[in-house]
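# Structure assessment
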Amino acid sequence: MGQVGLAGAFAGLALFDNSTPAAFDPSTSSLLSRTAQGVLTSLGNTNSGGSISSGCAMNDVYYFAGSFSSIGNISASYVASFSLSSDTFSALGSGGPNGPVSAIYCDSSNDNLWAGGHFSSPGGSVAVWNTKSNSWTAPPFKGFTGADAQVTSIASNVSDNSLFFSGSFLTSFSGGMNPVNNSNNPNVPYSPGASPFSSSLVPIPLQAAEIVGAPSSTNPAYSDIQAILCPAGPDGPGNTWLAADGNAALITVRAFASISAYGVRLGNTFQSGYGTTAFSVTSIPDNIVQTLSYVDPSTGQNITCTNNCPLSTDSSILYQDFVFTNPITLTGVQITLSEWMGAAPGLHMMQLLSSGSFASAVSDQNSLSCFASNPSNITMTGSWTPKNANTDIPATLQTVLVSTVPVGTPASQAPTFTWMPYVSASGQYNVNLIIPGCDDFQDCALRTSVRVTVFPGDGSQPYVSTVSQQVQNDAMVLVYSGPIVPSSSSFVTTVTMSLADQPMGSGQNGEYELVAGNVELILTSANITSSSTTSASSGSTSVGTQHGFGFFEWPLNSAATIDATGVMLNTSETSLDMVGISLYNALGAPTAGSTVISTVAQHPSGAIFLGGSFTFTTGSLSGASNIILYQDGSLFPLSNNGLNGAVNSFALYGDELYIGGSFSDTQSTSTQGKLMGIAMYNVETNTWSTLGAGVNGVVASIALANTQIQVVGNFTETRSASGLSAGVGGFANWDIKSGSWVNSGGFVMGNLTFVGNGTSSSGQGESQFLAGNVQTMAEYGATGLVMLSNGDNNGPTVTPLGIQLDTTANTSVPASTAQKRSSHHRRGPTAWISHLKIHTLFARQSTTSAATLPPPPSATAPAVLTGIFWSNSSSSHEVAIIGGNFSFPTSSSAVSQAVAVYDPVTSSVTALAGAQVYGVVRALYVDTESHLYVGGEFNLSDANGNGFAIYDLTTQQWLTTVAQPLQATSGSYVAVRSITTSTYKPNTVIVAGSFAQGGTVACQGICLFDTMLNQWSVLGSDMQGDITSVSYAGNNQEFLIAGGVITLSGGISANIAQYSFANTTWTAIGDQTAIPGPVTAVEVNSGNSSSIFAAGRTADGSSPFMVFWDGVSWSNVGSSLQGNSNISQLLMVPLQNTHSPNSVIESDRMLMISGALSDSSFGSASSVLFDGQTFVPYIVSMSGQATMGYVSSLFYSITNFSFSQQHFLATGIVILISIAIAAGVVFLLALIGIVWTLLSRRDDKLARYENNDEDDDSIQHRPSSLLEHINAATRTTILGTQSPFNNFSAEKEATREGTIEPDPFGPDASNYLRAETPSDAVVGSMAAEEEVSRPAHARYSFDGAGEGELPLTAGIEIEVLDDRDNAWWYARNVQTGREGVVPASYLY
């Protein structure tokens, strides 16, 4: 069947499985698993009233936590586990948390599960489960305190070596705000190749230096040495330097000024075929190869090297820091890349590290350092002029600023100079004032003393000292030694120089000269302790106890044991514990419980984002709410002052921070209310972005998986930027790459509380787990369309529609209360089963007026009602064109609806160009000229479509002038439900539904459109009504079978009728009183007009029905269907396996019944399979409102599919229907089943033929293949006539032992009976002498070489004139008029 699509009005779909619970208890919390492809599976439920709030995966176990006492079939309090290998739940021992758990974190490296929440044991709001010892303990810091203290989130830092605890709790530290930098500097991208000390050293700006790399690559994308000073992007073109192939390299850096350096920072390149493996560093101008100290990233040990120092080739190591033994003064360095891998060495990053920090008196020399948020700066009062001074290094000059002041000027009126060095990280620093010697300036008499004031950090006392500038040689004077706080927008360390209160010396010519050189900060330790003291010529610092709120960092490798419920020494602080202290101060000493930090995320730049429920009312943060940024030691508001509602969850993707919560906009309403529950904040640009227009409720949790943001909460719709909405039921997916809401794969309806990642599986992407109060669930989520393909023994592979269809934005055609049916598109299989076309046998029908069509099942948007495949030559993809009641965005402001082109390869949907379809589409057909015929209840935006329109897929335009419009009856409107074609009538399209005429041609309900002449014509002249479904019969589809509400010639009412293209007449099929009401779906079994199925609703609308026509009479085959069932489509589908044969349906196929179905045996289903005896539930679907879904149609891509050929088709084009799984039926081989049926269905009426001797007149021709034998036998089985095996009995075999037996499949009269004559078929005892001619067809070719014989070609139509002989019939070729005898067994 090729590609197969299943369309309908549903949001979720699943293969029927009696083991799957049909309903959920929403008072419990359900745990669901989700594959990387989106398939959902229910794992278990908690006790009533239970909830699940967090989860994480470690090894082969998924841990989850919340507030519950049981899960699945086991008792477990607050925390439990689920084994992914055994599919079993387990409790986590005894002694665990004694209250609700809100957050857990899996620390795989230490085999620990961290739990946080609102409990007192085994620790205050925090507990640790060790998976090796299977025991609970308190955390090393005992826990937290505070009124109603709780932990709501546990997250890791960017390097995964520290945990961030957030929530509503208090912490206290003694010794003031002097944190220990136990982790790498957060303002520098993390690398295992750096230490806390080296990452605190500010890189020296080298923009003005001369830098040469030689020999350089000839590739211009890799030849710019300047690109690696502070690379703008990842390792690659424009951000990496490579040496010439086959050469070592020398990189020379000359600053032409005296600088103080402490080491180099090198990042290797990982471009294919390149990389440095060893190097050395030589200082300039002393030409000394420096000894370097570095951290081995693999062991964490400190190692020294001199020549051929190793550079890591591990791509996870962004850079390594190599530190000199002590800070050295130099003017440049040479870096020799001596060894390499591949073609040549290269580097992605190269920086010269300062001794700590620095600031020049000359503003132009204070350039921005790499990774710094701002450069060092200066301010001054009075008049200062530049002077050049020699340095200790020959041939170098240092520019200084000088200012003169009259002797006797008060210090308060003298000029001042202030340095503001950029400090990257907290630590112990020596602050030195560089004073050029007066001998070089010959101004010693002018020199005096100055007053130097150092402000080392926010909250610390300033240190004041007096320094003499009367030095003959260059001097470095220590003006402060102690802790320094990092620079921020609210505070920077300052060093201010002014005239001393009691200046030294008498000056010269009545003036003093003040000299401003450089300030240099030398990092002595990255650790700050409470015993730290400050020293210089005088002064000290004073500190006190500080409090923190809602945030606490704990290094995972820490061996310390402290008590965070009391006052902690500042030796236990980390640099980021300043976050909690800053929050406490900015929020005004919040009370735990009333304000909460719900979620935390750290960006690779070191910035920390905190979200929750809080508002700042004072200071520079006043007005900021619910989300805040901590960077460079200070809190900052986000743009537009944050969000107007609580934040519950974060997910970080590169520079994009995704945020979920209960907000609708920023505080300044900058997005016009389009941040409904979900938002994105760009860290780089500091701007907000919408995700469509959000969701219509609260988002409880979000997670990043496979470049998609998984969103769960208490909502039912996603909203696009253009205003469309799509039902999602509490779980939605935002695709980051396409920037749109996409199909989530599975469907769930409920109030979900958590989503989190599980594990990766064989490269297929990450799995997820979801939890919450679930009302209903389906394995697959899709808005109205899934694709089916061969699967394994568990059933077919289901691929949901890759995008979200939305509700209809504009519908100009009024809704109907009746006469709305989905289309039935049936393409022409080549049939081989006997066809009986005896119009004179059909009973005379009543002349009462026809009933009205029943109302259709609800197809609330979004619903896909029809589809067809088309090979798009431009993309070489086979696409599905779908129609229905839906809309979808084509841009941020444009919307299309009702028709879409879906590409399963790219999972993209596009609109038809030109006019828009306003209304509902119910039928689609594409002809060989790539003309798309569209039918339904609609009109076009700029043309009169009126329910029917033609679109040229090649030129992408509507052909509005090709066909005259259909016309409705007075007071009604056009509704086209079926567009088909017959192979018997090439270059025509048959349109059926509810209408009065096509153009000026009166053709009520059904009309033929000639695609060559572009004209309408009537099918016969004696039929009118409303048609719902069309199928075809005959070898060449020469008969059209229509179902609906029909009135034939003479006022005869019929619910199903047959039209003969040959004689242009309509005839009711069988006794119409046996059909209890209007027909909504009809199907002809492989073109066999003696095997027709019809379905609909009874005339009073109270119940459904399904009937079967066997060529003689109608019989009820759907009596078990309940009153609320509605059938939209009947379709014969092939099987890979076979079922037991019977007289209704052959063993290699089944009837697929689709719609909204209910049956006492299986409950509810949307598609069931019927084998002629039993209903087998196959597919169940549900709407976005958790009600029963509705399957409208199954459509496929192979236009010439037939059951007589499908055995020869490749497996890939046969739809797999797993009957064995769904029904538990063990199938027999097709031939064995046929034989069994033949032997078990001997008709007593035909027993007289069993012992007939072979007719002397029988011919010796026999069918030419085994397939023809099987076909003939199956035909006899279906018709109930004598089996060709009847003559092949054990008794005869015994009597003929040792003789040559005739072929039992031979076409003689004894084993290959003719099709019954009209008399035999109906009454059996009527006189055979009655001369009745009738049409028939040749089953096989016959050469007709004998005298009086009529040659036959397989499939040719003939007229039987005399069939009273068992072996030979007299017939006429209707095309040539020639007459003669033919073998009876060769006809049907």
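Residues numbered from 1 in each chain as written. Predicted model: local features only at pLDDT ≥ 70, side-chain atom pairs only at ≥ 80, totals over all residues. Heavy atoms only, no water.

A word on the overall build of the chain. Each helix and strand in the chain was counted, giving 7 helices and 90 strands. When contacts within the chain are restricted to residue pairs at least 6 apart in sequence, long-range pairs at least 24 apart make up 63% of them. Carbon and sulfur atoms make up 48% of the accessible area of the chain, which totals about 50,500 Å². (Helix = DSSP H or I, 4+ residues; strand = E, 2+ residues; numbered from the N terminus. Contact = heavy atoms within 4.5 Å. Areas by Shrake-Rupley, 256 points an atom, 1.4 Å probe, with all protein chains shown as cover.)

All chains considered together, the criterion is met by 42 aromatic pairs. Within the aromatic cluster, the residues linked to one another by ring pairs are W114, F141, F144, F165, F169, F552 and W554. (Phe/Tyr/Trp six-rings, centres within 6.5 Å; stacked < 30°, edge-to-face > 60°.)

Membership of the largest hydrophobic core comes to 42 residues, with the highest contact counts inside it found for W114, F141, F165, F552, L583 and L610. Ranked by the residues each element gives to this core, the list is headed by helix α2 (residues 577-587), at 7 residues. Apart from residues no more than four positions distant in its own chain, F165 is found in contact with W114, V126, F141, F144, V151, S153, I154, G550, F551, F552 and W554. (Core = buried A, V, L, I, M, F, W, Y, C linked by side-chain atoms within 4.5 Å. Buried < 20%, exposed > 50% of the residue type's maximum accessible area, 1.4 Å probe, protein only.)

Attention now goes to the sheet that holds strand β32 (residues 427-435). Sheet strands line up and pair through hydrogen bonds in the backbone, either parallel or antiparallel. Read across the open sheet, the 4 strands follow the order β27-β38-β32-β35; overall the sheet is antiparallel. Where the open sheet ends on each side, the last strands, each with one partner, are β27 (356-359) and β35 (475-484). Across the sheet, the mean angle separating the axes of adjacent strands is 20 degrees when strand polarity is ignored. Alignment of β32 against strand β38 (residues 519-525), held across 6 bridges, turns out to be antiparallel. Opposite N430, over in β38, you have I522 as the bridge partner. (Pairing = 2+ DSSP bridges. Axes fitted to C-alpha atoms, helices over the stretch in contact; angles between N-to-C directions.)

Now for unusual backbone geometry. A cis amide bond links S121 with the next residue in sequence, P122, at an omega value of 5 degrees. Along the polypeptide, P122 turns up in the loop between β12 (112-117) and β13 (126-130). One non-glycine residue, N509, lies in positive phi territory at about 55 degrees. Its location among the elements puts N509 in the loop between β36 (494-499) and β37 (511-516). We note that S907 has phi near 55 degrees; this positive angle belongs to a residue other than glycine. Relative to the helices and strands, S907 is located in the loop between β61 (895-903) and β62 (908-910).

Averaged over the chain, the pLDDT score is 81; the fraction of residues at 70 or greater is 81%. Considering only residues more than four positions removed or in separate chains, one finds that residues 528-543, a stretch of pLDDT under 50, has 42 contacts. Here residues 1205-1331 is modelled with pLDDT under 50, and outside its nearest four sequence neighbours on either side it reaches 206 contacts, counting other chains as well. (pLDDT = per-residue confidence, 0-100.)

Our focus in this paragraph is the state of the cysteines. Across all of its chains, the model carries 5 disulfides by this definition. Each disulfide pairs two cysteine sulfurs, and for C305 the partner residue is C309, the sulfurs being separated by 2.0 Å. Judged by the sign of its S-S torsion, about 110 degrees, the bond between C305 and C309 is right-handed. Residue classification places C305 among the buried residues on the basis of a relative accessible area of 12%. Linked covalently through their sulfurs, C438 and C444 form a disulfide whose S-S length is 1.9 Å. Between C438 and C444 the sulfur-sulfur dihedral comes to about 85 degrees; the bridge is accordingly right-handed. Look at C444 and you get partly exposed, because its relative accessible area is 28%. (Disulfide = S-S within 2.5 Å.)

Burial of strand β82 (residues 1126-1134) is extensive: 9 of the 9 residues sit out of reach of the surface. As paired strands, β82 and strand β83 (residues 1149-1159) are joined by 8 bridges and run antiparallel to one another. Residue P1134 lies in a different strand from β83, and its bridge partner there is R1149.

With that settled, the discussion passes to the pattern of salt bridges. Applying the stated criterion to the full structure yields 12 salt bridges. Note that D1363 is salt-bridged to R1334, the shortest N-O span being 3.8 Å. Taken together, the residues span a long stretch of sequence, with D1363 in the loop between β88 (1357-1362) and β89 (1368-1373) and R1334 in strand β87 (residues 1334-1337) at a distance of 29 residues. The class of D1363 is buried, set by a relative accessible area of 11%. Classification of R1334 as buried rests on a relative accessible area of 5%. Three or more residues joined by partner-sharing salt bridges are found here, namely K387, D443, R447 and E513. (Salt bridge = Lys/Arg side-chain N within 4 Å of Asp/Glu carboxyl O.)

Here we come to the sheet that holds β87. As summarised here, the arrangement of the 4 strands in space is β87-β88-β89-β90, forming an open sheet in which the pairing is antiparallel. Two strands close off the open sheet at either side, each with one partner strand: β87 and β90 (1379-1383). The average undirected angle you get between the axes of adjacent strands in this sheet is 50 degrees. Pairing between β87 and β88: 4 bridges, direction antiparallel. Note on β88: the bridge partner recorded for A1336 is I1358.

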